[in-house]
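What the coordinates show
Here is how the chains run, residue by residue.
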There are 2 protein chains.
Amino acid sequence: MTRRSDAKEKMIRSAVRLQRMHGVAGTAFADVLADSGAPRGSVYHHFPDGRAQLAAAATEHGADWIAGQLEQLLAAGDPLRALDGFIELWAGIVREEQYMAGCAVAAGALDSTPGSAARRAAAAGFSRWERILTDAFAAHVPVAQAEGLAVTCIAAVEGALILVRAEGTLRPLERVAEQLRQLLVATQQTDPASDGTASRPR
Amino acid sequence: MTRRSDAKEKMIRSAVRLQRMHGVAGTAFADVLADSGAPRGSVYHHFPDGRAQLAAAATEHGADWIAGQLEQLLAAGDPLRALDGFIELWAGIVREEQYMAGCAVAAGALDSTPGSAARRAAAAGFSRWERILTDAFAAHVPVAQAEGLAVTCIAAVEGALILVRAEGTLRPLERVAEQLRQLLVATQQTDPASDGTASRPR
């Protein structure tokens, strides 16, 4: 692998990891260079618009990665098992980062730079996750309910990650998972055969 | 009002507001002084341990304020109406700050300073909110369920605030409120008289 954009990709991956822990304001170019091992010249070569551009790229990369995970988990048509997998995914990330990990996309949303590109990238990312979840849930419950469930799953997991970070244990994520499971049970009850068509709205 | 600690209180209130918008890392002493109008000398007089001490004080103040609001809203013994009031409270704060407001306590939790006092204050605050909500819900449902509901209400609202900030509308908070209402309905169903004793666990 000696592709020309290797340095850029390494920097973005480092920025995702650092942004997860330190937020946008706490992630300096110097830290990203140190973490990624990319040469100093990469900064203005790959990110001519500066740190804001890197923050937006990291937010987008983080959002795309989660979107891919969600699509994969939901592919089997079983929202409850997908939820379990999604919680397990986050639990793994949190453990790996010694309970200091947050979500890189939430970090983008919390960027307070006026007209922030990271905030726009976060909005696009959340909106994409919501669409993926809504489509999956809408195979089992009416669309309006599917949308509410989708927003709530995203919000509750994002909030749980903040509580986990404060408390230093996975307990909040586990409690939230139990309650989300209760809400999602509706997606099974209306469609016991789980063939994804019983109450499909279209 | 010419109490000696006026400058300190003003600084803490300003720090809560700024931390809500810019996080701990984005809230400098200079901004707090400008916002509060407190004299420069106040900084090391009132916060000899520096910015970390002010961030912790702001996190604690924000947590205490929310705890007081929760206690007041729950005093009537009706969790569903208390939820509505809590959502309306946050909607008001968000509108007032032009959708840039987050939660000052979440900001404390996201502080990434090693051994952060703000993070400890956030943990204590979340834990206090959880106790208040658990006690209220436990008057209607078993304690384990009450704890799960409490954690989920806090997490979902915290996460919704992040989505609201990204999207620039109150829609995520409204959708989350609807789903939390569904979960909390259990606190009414097991205790239709709402006299707070029917299924009290002790």
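Reading guide: rules and limits
Residues numbered from 1 in each chain as written. Chains lettered and ligands numbered in written order. Predicted model: local features only at pLDDT ≥ 70, side-chain atom pairs only at ≥ 80, totals over all residues. Heavy atoms only, no water. Disulfide = S-S within 2.5 Å. Buried < 20%, exposed > 50% of the residue type's maximum accessible area, 1.4 Å probe, protein only. Helix = DSSP H or I, 4+ residues; strand = E, 2+ residues; numbered from the N terminus. Expected span 1.5 Å × (residues − 1). Axes fitted to C-alpha atoms, helices over the stretch in contact; angles between N-to-C directions. Parallel < 35°, antiparallel > 145°, perpendicular 65-115°, else oblique. Contact = heavy atoms within 4.5 Å. Salt bridge = Lys/Arg side-chain N within 4 Å of Asp/Glu carboxyl O. pLDDT = per-residue confidence, 0-100. Buried area = accessible area lost by both parts, 1.4 Å probe. Polar contact = N/O pair within 3.5 Å; in protein donor to acceptor, adjacent residues only side chain to side chain. Nonpolar A, V, L, I, M, F, W, Y, C, P; charged D, E, K, R; others polar.

With that settled, the discussion passes to the state of the cysteines. Residues and elements named next belong to chain A. Taken as a whole and assessed by the stated rule, the structure comprises zero disulfides over all chains. Unpaired in this structure, Cys 103 has its nearest cysteine sulfur neighbour in Cys 153, at a distance of 15 Å. For Cys 103, a relative accessible area of 7% translates into the label buried.

The next thing to look at is helix H5 (residues 79-96) of chain B. Here H5(B) spans 26 Å end to end across 18 residues, near enough to the 26 Å set by a 1.5 Å rise per residue. Burial in H5(B) covers these residues: Pro79(B), Leu80(B), Ala82(B), Leu83(B), Phe86(B), Ile87(B), Leu89(B), Trp90(B), Ala91(B), Ile93(B) and Val94(B).

Next up on the list: the packing of helix H4 (residues 51-74) of chain A against helix H7 (residues 117-137) of chain A. Residues and elements named next belong to chain A. Viewed as axis vectors pointing N to C, H4 and H7 meet at an angle of 10°, and their least axial separation amounts to 8 Å. What the angle tells us is that H4 and H7 run roughly parallel. In contact with Ala 52, Ala 55, Ala 56, Thr 59, Glu 60, Ala 63, Asp 64, Ile 66, Ala 67, Leu 70, Glu 71 and Leu 74 of H4, H7 contributes Ala 117, Ala 118, Ala 121, Ala 122, Gly 125, Arg 128, Trp 129, Ile 132, Leu 133 and Ala 136.

Let us now look at the pattern of salt bridges. All names here are of chain A. In the structure shown here, the tally under the stated rule is 20 salt bridges over all chains. Here Arg 95 makes a salt bridge to Glu 88, at a shortest N to O gap of 3.8 Å. For Arg 95, a relative accessible area of 43% corresponds to the partly exposed category. Residue Glu 88 is classed as partly exposed on the basis of its relative accessible area, which comes to 46%.

Residue and element names in this part refer to chain A. Mean pLDDT over chain A: 91, with 91% of residues reaching 70 or higher. Within the model, the stretch residues 191-202 combines pLDDT values under 50 with 19 contacts to residues more than four positions away or in other chains. The complex prediction reports pTM at 0.92, with the ipTM value standing at 0.91.

In this section: the interface of chain A and chain B. Contacts between the two partners involve 37 residues from chain A, matched on the other side by 37 residues from chain B. Surface buried jointly by chain A and chain B totals about 3200 Å² across both partners, of which 69% is contributed by carbon and sulfur atoms. Where chain A packs against chain B, one counts six salt bridges. For Glu130(B), the salt bridge goes to Arg171(A), with nearest N and O atoms at 2.6 Å. Counting the contacts that link chain A with chain B gives 12 residue pairs in polar contact (both at pLDDT 80 or more). Looking at the side of chain A that touches chain B, the elements that each hand over two or more residues are helix H1 (6-22), helix H6 (104-110), H7, helix H8 (143-167) and helix H9 (171-189) of chain A. Considering every element that reaches the side of chain A that touches chain B, the biggest residue donor is H8(A), with 16 residues. Residue composition of the side of chain A that touches chain B, grouped by class: 21 nonpolar, eight polar and eight charged.

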